[in-house]
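Topology and contacts: notes
These are the residues of each chain, in order.
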Amino acid sequence: MPDIVLTTLNAKYIHAAFGLRYLMANLGALQSRARLMEFDINQRPADIAEALLAQSPRIVGLGVYIWNVAPATEVVALLKRVRPELIVILGGPEVSYEVEEQEIVRLADHVITGEADLKFAEVAADYSRANDPPAE
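Let me begin by describing the structure that accompanies this report. For every chain, the first residue of the written sequence is number 1, and numbering continues from 1 onward in sequence order. This being a predicted model, a pLDDT of at least 70 is required before a residue's local features are given, and a value of 80 or more before pairs of side-chain atoms are given or counted; all residues contribute to the totals for chains, interfaces and linings. Side-chain figures throughout are based on the complete set of non-hydrogen atoms in the structure, without hydrogens or water.

Time to look at helix α3 (residues 69–82). Numbering goes from the N terminus for both helices and strands, where a helix is a DSSP run of H or I of at least four residues and a strand is a run of E of at least two. For a helix, the expected span equals 1.5 Å multiplied by the residue count minus one. Here α3 contains 14 residues, and its C-alpha end-to-end distance of 20 Å stays within 8% of the 20 Å for a straight helix at 1.5 Å per residue. Any residue under 20% of the maximum accessible area for its type is buried, any over 50% is exposed, and the rest in between are partly exposed; the area is computed with a 1.4 Å probe on protein chains only. Every buried residue of α3 is listed here: Pro71, Ala72, Thr73, Val75, Val76, Ala77, Leu79 and Lys80.

Laid out in structure tokens, this is it:
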């Protein structure tokens, strides 16, 4: 099972999220502990949350865009309701501005504004180290 799941809700099933692939390519040592999971906005948020939780991740990185912010907010709310300890990191154009006013931001643990190509790996590594059991 992956420690990190990179995900988004695409506008259509045939679209691919290039941003997720950039994040995965730049994860460095964390890449082997990560998985991509793409959904589309026509899927039920409960089904998306269930699929994500079935992976038992410690961190979920979610790309937020204008077309998916409403269902993505529902997904994050469900994830945090079921597993409050799950770390949710948001990124994407819809959460890069007006951060304080957005419900999805209040639900998440961390928001990366602007380019996340390299920053996501840094933030994920910080959370991973914080959640690793102490060395004996």
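This brings us to the nonpolar core. Membership of the largest hydrophobic core comes to 22 residues, with the highest contact counts inside it found for Leu52, Leu62, Leu79, Leu90 and Ile104. In what follows, residue pairs with any heavy atoms lying within 4.5 Å of each other are defined as contacts. Discounting chain neighbours no more than four positions away, the residues touching Leu52 are Val5, Thr7, Met37, Phe39, Pro57, Val75 and Leu79. Within this scheme, the nonpolar core is defined by two criteria: the residues are buried Ala, Val, Leu, Ile, Met, Phe, Trp, Tyr or Cys, and they are joined through side-chain atoms within 4.5 Å. Listed in part, the 19 residues of the second largest apolar core include Ile89, Ala116, Phe120 and Ala125.

Quick look at the packing of aromatic side chains now. Here the aromatic set is Phe, Tyr and Trp, taking the six-membered ring for Trp, and pairing holds for ring centres within 6.5 Å; pairs whose planes are under 30 degrees apart are stacked, those over 60 apart are edge-to-face, and all others are tilted. Per the counting criterion, the structure on display carries one aromatic pair. With a centroid separation of 4.8 Å and 0 degrees between ring planes, the pair formed by Tyr65 and Trp67 is classed as stacked.

Everything listed here is a matter of coordinates, which is why it stays silent on function.
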